[in-house]
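Overview (structure and organization)
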Amino acid sequence: MQFVDESSIIVEAGKGGNGCLSFRREKYVPKGGPDGGDGGHGGSVYLIGDDALNTLIDFKYQRFYKAQNGQSGMGRQMSGKAGEDLHIKVPVGTTVIDVDTLEVIADVTEIGQVVLVAQAGRRGLGNIHFKSSTNRAPRRTTPGTEGERRNLRLEMKVMADVGLLGMPNAGKSTLIRAVSAAKPKVANYPFTTLVPNLGVVKLGMHEHFVMADVPGLIEGASDGAGLGLRFLKHLTRTRLLFHVVDVAPFDETDPVEAAEAIIHELGEFSPALSELPRWLVLNKLDLLPEEERETAADAIVRRLGWEGPVFRVSAIGSDGTDALAQAAYRWLTEQRRLENEDEEAAERAREMRERMEEESVARTEARLGRKRKSSDQDDDDFDDDDYDVDVEYAP
């Protein structure tokens, strides 16, 4: 199955039916008069949030969606049948953008949320409406109006409580495998993960949260380098970030410099995202001699000037991962309690989410603007989905 988080589609609402030009024709009624009926309204196009979907792959193969046209009016003052509305299911977490105006039409964030994306055409009026004392036999009708047609960009952001971020090969996929049933690909080379992976971390009866593993970031990610700009947006839907740092990189790069580069890219992409609660997770401590682990970890924390929570783990052996998951669940539970009981806390959280969304949308609009400018300069027919990869979802 392919994970597709961006797609372009065209939606077109139905045209309204034309009004009818008709006169009564009855035996022994020499002056029947007008009896043309109205046309039917066209159908509108709606998007509806569906939690059964977790990818936009269906829109890769079908790009055009059209609602039904309204039926034209008929004689004997009979109105035409209205066209049926078209409801298109999309994953929860989908942002809808008008490609032509770069306007964000809606953000589908709830199951069953319905969003109008193309307004139906209005019906035409039959000649019965134009009868008057001075015009007993009107030959005037009005046509139905065209339905709205829009070029839309759908961008899906995964919905998760905790997001993992870090350099490629920092061990994010190994960590999510250690604490959940998700089985993303793991290998000893960078960019093993090419698509976001979601895992449900279960700690007990009715005790669970969702963790998202996004592809590794590199310097310049906020400007489109690597896979960063395409996937940084997914972190804006999380409540807590785990900053995973490889304490013993195989290429002998400096872990502190790598961590600082990630922090910088977060701030460049979205200042609000950089303010999201973030925990430092020092991974792969098993690669260091036991007597050096504490010293190396303390040195990284000191050089970063880190003042938040710090966790020392070895994801491949599940060492320290249970304590990390338990702490995250307690924090998430406390945050939900605060937001339910304290209006100010709820308002602060809401403002934070709105800021992250606005900044993410601004990045998206800028990227689409650059893409449009680039496409105007050449005729390259490269499609965003051309490099989608196959990914298996474990039950």
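Computed from a predicted model, the values in this text were never measured in an experiment.

Regarding the confidence of the model for the protein chain
- Here the protein chain averages 81 in pLDDT, while 83% of its residues score no lower than 70.
- Mean pLDDT per element in the protein chain: helix α3 (residues 228-231) is the minimum at 53, and strand β3 (residues 64-66) is the maximum at 96.
- Across residues 187-193 the pLDDT falls below 50, and counting only partners more than four positions away or on other chains, this stretch makes 20 contacts in the model.
- Every residue in residues 220-228 is under pLDDT 50, and counting partners more than four places away or in other chains gives 23 contacts.

Here's the deal with helix α6 (residues 290-304)
- When the terminal C-alpha atoms of α6 are compared, their 22 Å separation across 15 residues agrees well with the 21 Å that a helix rising 1.5 Å per residue should span.
- Looking only at α6, the buried set comprises Ala297, Ile300, Val301 and Leu304. Mapping the buried residues of α6 onto a view down its axis gives an arc of 95°, with all of them on the same face. When the buried face of α6 is taken as reference, the exposed residues oriented beyond 90 degrees from it are Glu291, Thr295 and Arg302.
- Phi turns positive one or two residues past the end of α6, at Gly305, with a value near 65°.

Some thoughts on the packing of aromatic side chains
- If you walk through the whole model with that rule in mind, you get four aromatic pairs.
- Taking the centre distance of 5.7 Å and the plane angle of 20° together, the rings of Phe242 and Trp279 count as stacked. Of this pair, Phe242 sits in strand β12 (residues 240-246) while Trp279 sits in strand β13 (residues 278-283), and the two are 37 residues apart along the sequence. One exposure class covers both Phe242 and Trp279, and it is buried.
- In this structure an aromatic cluster arises from ring pairing among Phe242, Trp279, Phe311 and Trp331.

Focus: the side chain of Asp38
- Mapped onto the secondary structure, Asp38 falls in the loop between β1 (6-12) and β2 (45-50).
- Taking the relative accessible area as the measure of exposure, Asp38 reaches 7% and is therefore buried.
- A distance of 2.8 Å separates the side chain of Asp38 from the side chain of His129, its partner in a polar contact.
- With residues up to four places along the chain from it excluded, the contact list for Asp38 reads Asn18, Gly73, Met78, Ser79, Gly80, Arg123, Gly124, Leu125, Gly126 and His129.

What about the sheet that holds strand β10 (residues 197-204)?
- Strand order in the open sheet formed by six strands is β10-β11-β9-β12-β13-β14, and the pairing between neighbours is mixed. The open sheet has two edge strands with one neighbour each: β10 and β14 (310-312). Adjacent strand axes in the sheet meet at a mean angle of 25°, parallel and antiparallel pairs treated alike.
- In the sheet, β12 pairs with β13 via six bridges, with the strands oriented parallel. Residue pairing across strands places His243 opposite Leu280, the latter belonging to β13.

Here's the deal with the sheet that holds β1
- Strand order in this open sheet of five strands is β3-β1-β8-β5-β6, and the pairing throughout is mixed. Every interior strand has two partners, whereas the edge strands, β3 and β6 (103-108), have only one. When strand polarity is set aside, the average angle formed by the axes of neighbouring strands in this sheet is 30°.
- Relative to β6, strand β5 (residues 94-98) runs antiparallel, the two sharing five bridges.

So, the pattern of salt bridges
- A complete count under the given rule lists 16 salt bridges for this structure.
- Salt-bridge contacts for Asp298 lead to Arg312; the nearest nitrogen and oxygen are separated by 2.8 Å. You can see Asp298 sitting in helix α6 and its partner Arg312 sitting in strand β14, a full 14 residues away along the chain.
- The class for Asp298 is partly exposed, based on a relative accessible area of 33%.
- Several salt bridges share partner residues, and in doing so they unite Asp98, Glu148 and Arg150 into one network.

Definitions and cut-offs
Residues numbered from 1 in each chain as written. Predicted model: local features only at pLDDT ≥ 70, side-chain atom pairs only at ≥ 80, totals over all residues. Heavy atoms only, no water. pLDDT = per-residue confidence, 0-100. Helix = DSSP H or I, 4+ residues; strand = E, 2+ residues; numbered from the N terminus. Contact = heavy atoms within 4.5 Å. Expected span 1.5 Å × (residues − 1). Buried < 20%, exposed > 50% of the residue type's maximum accessible area, 1.4 Å probe, protein only. Arc of directions from axis to C-beta. Phe/Tyr/Trp six-rings, centres within 6.5 Å; stacked < 30°, edge-to-face > 60°. Polar contact = N/O pair within 3.5 Å; in protein donor to acceptor, adjacent residues only side chain to side chain. Pairing = 2+ DSSP bridges. Axes fitted to C-alpha atoms, helices over the stretch in contact; angles between N-to-C directions. Salt bridge = Lys/Arg side-chain N within 4 Å of Asp/Glu carboxyl O.

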